[in-house]
Amino acid sequence: MSDTRPIRVFAVASGKGGVGKTNVAVNLGVALALRGRQTALLDADMGLANVDILLGLQPRYNLSHVISGQRSLDEILVEGPAGIKIVPAASGLQQMAELSSMEQAGLIRAFSELQVPLEVLIVDTAAGISGTVVNFARACQEIVVVVCDEPTSLTDAYAFIKLLNRDYGIYHFQILCNQMRSDAQGRELFAKLCRVTERYLDVSLHYFGAVPYDDKVRQAVQLQRPVVTAFPASPAARAIEKLADKVEQWPVQDTPSGQLAFFFERMIQYAVEGAA
């Protein structure tokens, strides 16, 4: 950012699709924006970008226009509920490693020159463990892994954590249990994942919280509105508010690694390393 203030940058990821990851990212971002936090959400799902669909937005431009130099980062931002800023997805980011050195420098400069002040950047990654997902996650300060109570969800979440731990030395993960019947079920699911990781991996898992199964979430999706604004008294919305409380307690890195441009510099660096 132009004044180089540190920001919180965290990824919301999952081993598999269908666990409500993007819905969590959107609602958590809006919850933080409602508190007056200057928040942006980067839609990093290049294959199935759907943040704009969840919010009923129709962006004209995306990050590919920034990479090509056609638009500035400020020009592609789309404003969502409570003033949250959305950075629309761009298929061009899948070829991040193939960008010319001039394009890479231009993208980093675009983030360093962003005029809109930010305090939080949420990166909504694609599901799975593709190279692009891994690179985004590695560049973030925190990684929130969303799981639900299905064997495939736990298996794929474990594979994601294992890859980042063994290949890239990442040890710290926040675990969010979604679509739970109760917080007790969420903690039981978290304990189940911990038993496996403690046996085979050297990682530190933290219980981020549980979001209950709530029909109001489905209704909000149909309305193309966040549940935290459409049904603020619903159980899911209240759970999201608790998650926002925890995010605000995370320390802010007052170092170059806590700056927005540094996040994208690392993102490009990892992509180039992976292609080497």
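A quick note: this is a predicted structure, and the numbers were derived from the prediction, not measured.

Regarding its fold elements, the protein chain presents twelve helices and eight strands. Expected size for 276 residues packed as a compact globule is a radius of gyration near 19 Å; at 18 Å, the protein chain falls within 12% of this value. Within the protein chain, the fraction of its 276 residues that count as buried is 54%. Expressed as a percentage of contacts within the protein chain between residues at least 6 apart in sequence, the contacts between residues at least 24 apart total 79%. Accessible surface, the protein chain as shown: approximately 12000 Å² in total, 49% of it carbon and sulfur. Averaging the coordinates of the 25 positive side-chain charges in the protein chain and doing the same for the 29 negative ones gives two points 6 Å apart.

This next bit is on the side chain of R8. With respect to the element layout, R8 can be found in strand β1 (residues 8-13). At 2.9 Å, the side chain of R8 forms a polar contact with the backbone oxygen of E248. One polar contact links the side chain of R8 to the main-chain carbonyl oxygen of W250, over a distance of 2.7 Å. Apart from residues lying up to four places away in sequence, R8 is in contact with E119, V120, L121, Q141, V247, E248, W250, P251 and V252.

The next point concerns helix α8 (residues 183-200). Between its first and last C-alpha, α8 extends 26 Å over 18 residues, near the 26 Å set by a 1.5 Å rise per residue. All of the buried residues in α8 are Q185, G186, L189, F190, L193, C194 and T197. Here the buried face of α8 lies against β6 (142-147), α7 (151-168), β7 (172-180) and β8 (204-212).

Strands sit in the order β3-β4-β2-β5-β1-β6-β7-β8 across an open sheet of eight strands; the sheet is mixed. Among the strands making up the open sheet, the edge pair consists of β3 (78-79) and β8. The sheet contact formed by β6 and β7 spans four bridges and is parallel. Bridged to V147 within β7 is C177. Running over the sheet, α8 touches β6, β7 and β8 and is turned about 155° from β8.

What counts, and at which threshold
- Residues numbered from 1 in each chain as written.
- Predicted model: local features only at pLDDT ≥ 70, side-chain atom pairs only at ≥ 80, totals over all residues.
- Heavy atoms only, no water.
- Helix = DSSP H or I, 4+ residues; strand = E, 2+ residues; numbered from the N terminus.
- Rg over C-alpha atoms; globule rule 2.2 N^0.38 Å.
- Buried < 20%, exposed > 50% of the residue type's maximum accessible area, 1.4 Å probe, protein only.
- Contact = heavy atoms within 4.5 Å.
- Areas by Shrake-Rupley, 256 points an atom, 1.4 Å probe, with all protein chains shown as cover.
- Lys, Arg positive; Asp, Glu negative; His and termini not counted.
- Charge placed at Lys NZ, Arg CZ, Asp CG, Glu CD.
- Polar contact = N/O pair within 3.5 Å; in protein donor to acceptor, adjacent residues only side chain to side chain.
- Expected span 1.5 Å × (residues − 1).
- Pairing = 2+ DSSP bridges.
- Axes fitted to C-alpha atoms, helices over the stretch in contact; angles between N-to-C directions.

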